[in-house]
Amino acid sequence: MNKDRILWLDCLRILVCFFVVFSHCAVYILEDIELFSLDWHICNCYTTIGQCVNFVFFMISAVFFLDPDREISIDKLYSKYIKKLAIVFLFWYPLNNIFFLWYGSKLFPPNIFASGNIFVIAKNFFLLHPLHLWFLPTMIGFYIAVPFLRCITQNEKILSYYILISILAILAKRTNINVIVALASYIAMPCLPPVLGYYLMKCKKIRAKTEFALYALGIIGYLSMILQTVYFSCKEGKTHMVYFVDFKLVLAIAIFCFFKCRVAKINFSPRAQSIILFLSSHSLGIYLLQTPLRCLVHRYLLPLDSFNPIFSVPVVAIITFSISLAVTVLLKKIPWFNKYFI
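Residues numbered from 1 in each chain as written. Predicted model: local features only at pLDDT ≥ 70, side-chain atom pairs only at ≥ 80, totals over all residues. Heavy atoms only, no water.

S.K.: Got a minute to help me understand the side chain of Thr229 in this structure?
M.R.: Structurally, Thr229 is set in helix H10 (residues 208-236). For Thr229, a relative accessible area of 0% puts it in the buried group. Setting aside its immediate chain neighbours within four residues, Thr229 contacts Trp40, Asn44, His240, Met241, Val242 and Tyr243. (Helix = DSSP H or I, 4+ residues; strand = E, 2+ residues; numbered from the N terminus. Buried < 20%, exposed > 50% of the residue type's maximum accessible area, 1.4 Å probe, protein only. Contact = heavy atoms within 4.5 Å.)

S.K.: Please clarify how the packing of aromatic side chains should be interpreted in this entry.
M.R.: Given two aromatic rings, their pairing is described by the distance between the two centres and the angle made by the two planes. Going through the model one piece at a time under the given rule, you end up with 33 aromatic pairs. Their ring planes at 80° and their centres at 4.8 Å tell us that Phe65 and Tyr81 sit as a pair that is edge-to-face. A residue pair is termed long-range when its members are at least 10 positions apart, and Phe65 in helix H3 (residues 53-65) and Tyr81 in helix H4 (residues 74-103) qualify at 16 residues. Ring geometry for Phe258 and Phe259: centres 5.8 Å apart, planes at 80°, overall edge-to-face. (Phe/Tyr/Trp six-rings, centres within 6.5 Å; stacked < 30°, edge-to-face > 60°.)

S.K.: What exactly am I supposed to notice about a nonpolar patch on the surface here?
M.R.: On the surface, Leu164, Ile167, Leu168 and Leu171 cluster together into a nonpolar patch covering about 390 Å² of accessible area. Tracing the sequence through the fold places Leu168 in helix H7 (residues 156-171). On the basis of relative accessible area, Leu168 is assigned to the partly exposed category, the value being 47%. (Patch = residues over 30% accessible without salt bridge, like charges linked within 9 Å, V, L, I, M, F, W, Y side chains within 5 Å. Areas by Shrake-Rupley, 256 points an atom, 1.4 Å probe, with all protein chains shown as cover. Salt bridge = Lys/Arg side-chain N within 4 Å of Asp/Glu carboxyl O.)

S.K.: Would you take a moment to explain the packing of helix H2 (residues 38-49) against H10 for this structure?
M.R.: Orientation of H2 relative to H10, taken along the N-to-C sense of each, is 130°, at an axis distance of 9 Å. Taken together, the axis directions place H2 and H10 in an arrangement best described as oblique. Both H2 and H10 take part in a crossing whose hand is right-handed. In this structure, H2 uses Trp40, His41, Asn44, Cys45, Thr48 and Ile49 to contact H10, whose residues at the interface are Tyr222, Met225, Ile226, Thr229, Val230 and Ser233. Each residue belonging to the contact of H2 with H10 can be placed in one class, and the counts come to seven nonpolar, five polar and no charged. (Axes fitted to C-alpha atoms, helices over the stretch in contact; angles between N-to-C directions. Parallel < 35°, antiparallel > 145°, perpendicular 65-115°, else oblique. Left-handed = near helix turned anticlockwise from the far one by under 90°. Nonpolar A, V, L, I, M, F, W, Y, C, P; charged D, E, K, R; others polar.)

S.K.: Looking at this model, I keep getting lost on the nonpolar core. Mind explaining?
M.R.: Nonpolar side chains in soluble globular proteins tend to be buried together. Counting residues in hydrophobic clusters, the biggest one holds 104 residues, and the most contacted among them are Trp8, Leu12, Trp92 and Val313. Residues contacting Val313, with those up to four places away along its chain left out, are Phe22, Cys25, Ala26, Ile29, Cys43, Tyr46 and Leu304. (Core = buried A, V, L, I, M, F, W, Y, C linked by side-chain atoms within 4.5 Å.)

S.K.: What should I look at first to understand the packing of H7 against helix H9 (residues 192-202) in this one?
M.R.: When two helices pack together, their arrangement is given by the angle between the helix axes and by the axis-to-axis distance. Where H7 meets H9, the axes come as close as 11 Å, and the angle between the chain directions of the two elements is 135°. Judged by the angle between their axes, H7 and H9 are oblique. Along this stretch, H7 crosses H9, giving a crossing that reads as left-handed. Along its contact with H7, which presents Leu159, Tyr162, Ile163, Ser166, Ile167 and Ile170, the element H9 presents Leu192, Val195, Leu196, Tyr198 and Tyr199. Per-class residue counts for the contact of H7 with H9 are ten nonpolar, one polar and no charged.

S.K.: Is there a simple way to explain the pattern of salt bridges in this structure?
M.R.: Where charged atoms of side chains with opposite charge meet at close range, the side chains can pair. For the coordinates displayed, the defined rule picks out five salt bridges. Note that Arg70 is salt-bridged to Asp67, the shortest N-O span being 3.8 Å. On the basis of relative accessible area, Arg70 is assigned to the partly exposed category, the value being 33%. With a closest N to O distance of 2.7 Å, Glu211 and Arg262 form a salt bridge.

Following this line, the structure appears as C-alpha cells:
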C-alpha cells in the first residue's frame with residue numbers, strides 16, 4: 001500500500017458512498033407512503049442520513065487539493081481532473097435519461113415524443129434534472145475554484161478569518177439582511193465545506209471537549225433536518241423535504257471529525273487495508289450505477305415496499321451497493337472504458 005495513503009479517508013469515502021445508496025432507497029418510496037405513518041417516519045430518518053454526503057465528499061477532496069504542500073497546477077486540474085469528470089458526466093447523463101425513459105420515470109412528460117419536433121424532444125430529453133449525477137458538474141466547479149481556495153489555505157490567518165466570517169454569515173443569514181444573505185450564499189456556503197475539511201485535517205489534535213461538542217452539533221443537525229421535513233410536510237399536506245444547509249454542514253463536520261479522531265487510530269490488518277482500498281477505488285462507479293440498478297432491484301428483484309422499510313431499505317441498499325460494485329469491477333476490466341468513463 002502507498003505509505004502516503006490516508007486510510008481513514010478511504011473508509012469515509014466508502015461510508016458516504018453507501019449513504020448515497022441508502023438514502024436514495026429510502027427517498028424512492030417516501031412520497032408513496034402514508035403521511036406521518038410509522039413507515040413514513042422511518043424513511044424520513046433514513047433519507048436524512050444522506051443529506052450531508054456532498055459536503056463530506058468536498059471535505060475529502062479538499063484534503064488533497066487545498067494542501068499548499070501538494071503541487072497542483074491549473075494545467076493538471078483541467079487536463080486530468082476536470083476533463084475526466086466532464087467526460088464521465090457527458091457519457092452517463094444521456095445513458096441515465098435513456099434508462100429512465102424506458103423505465104417510465106415521472107421526470108419525463110408523457111407526451112415527450114408527441115410534438116414530432118426534434119428540437120422540442122431534444123430539449124425535453126437533455127435539459128432534465130440529472131438526478132444523482134448533479135454532483136459531477138458541482139465537483140467540476142470545485143476543481144475550477146481550487147486555485148482561488150488555495151490562496152486561502154496557504155495563509156493561516158486568512159484561513160481562520162475566512163472560516164470565522166463564513167460561520168458568522170451563515171448563522172446570521174436568517175436575519176434576511178441583503179448583505180449577509182449574499183455573503184452567506186455566494187462566499188460562505190459554496191467554499192466553506194472544503195475549506196473546513198482542509199482545516200480539520202491540518203489540526204494536529206482536536207481537544208476531547210471540542211470533539212464531543214462537534215458530535216453533539218452533528219446529532220442536533222440530523223434531528224433538526226428530520227423535524228424540518230415533518231414540519232414542512234405538515235404545512236404542505238404532503239411529503240415535502242427541506243433541509244437547511246447549516247444543519248447539513250454540522251452533520252458533515254461531525255462525521256469527518258469522528259473518522260479523523262477515531263477511525264484513524266484503528267490499526268487495520270493488511271487484508272482489511274486491501275479491502276478498503278478496493279472498495280474506495282470503485283466508489284465512483286458505484287455512485288454512477290446505483291440509481292438505475294436500484295430501480296431494477298426494486299422492480300424485478302426485491303420491491304422496497306414489499307415489507308417493513310426499517311428492514312427493506314437497508315437490505316435493498318446492500319444489494320444495490322453490491323451489484324453496483326460487481327458491475328463496476330467488470331467495467332473497469334475494459335481498458336479504454338476504465339480510463340475515460342468510470
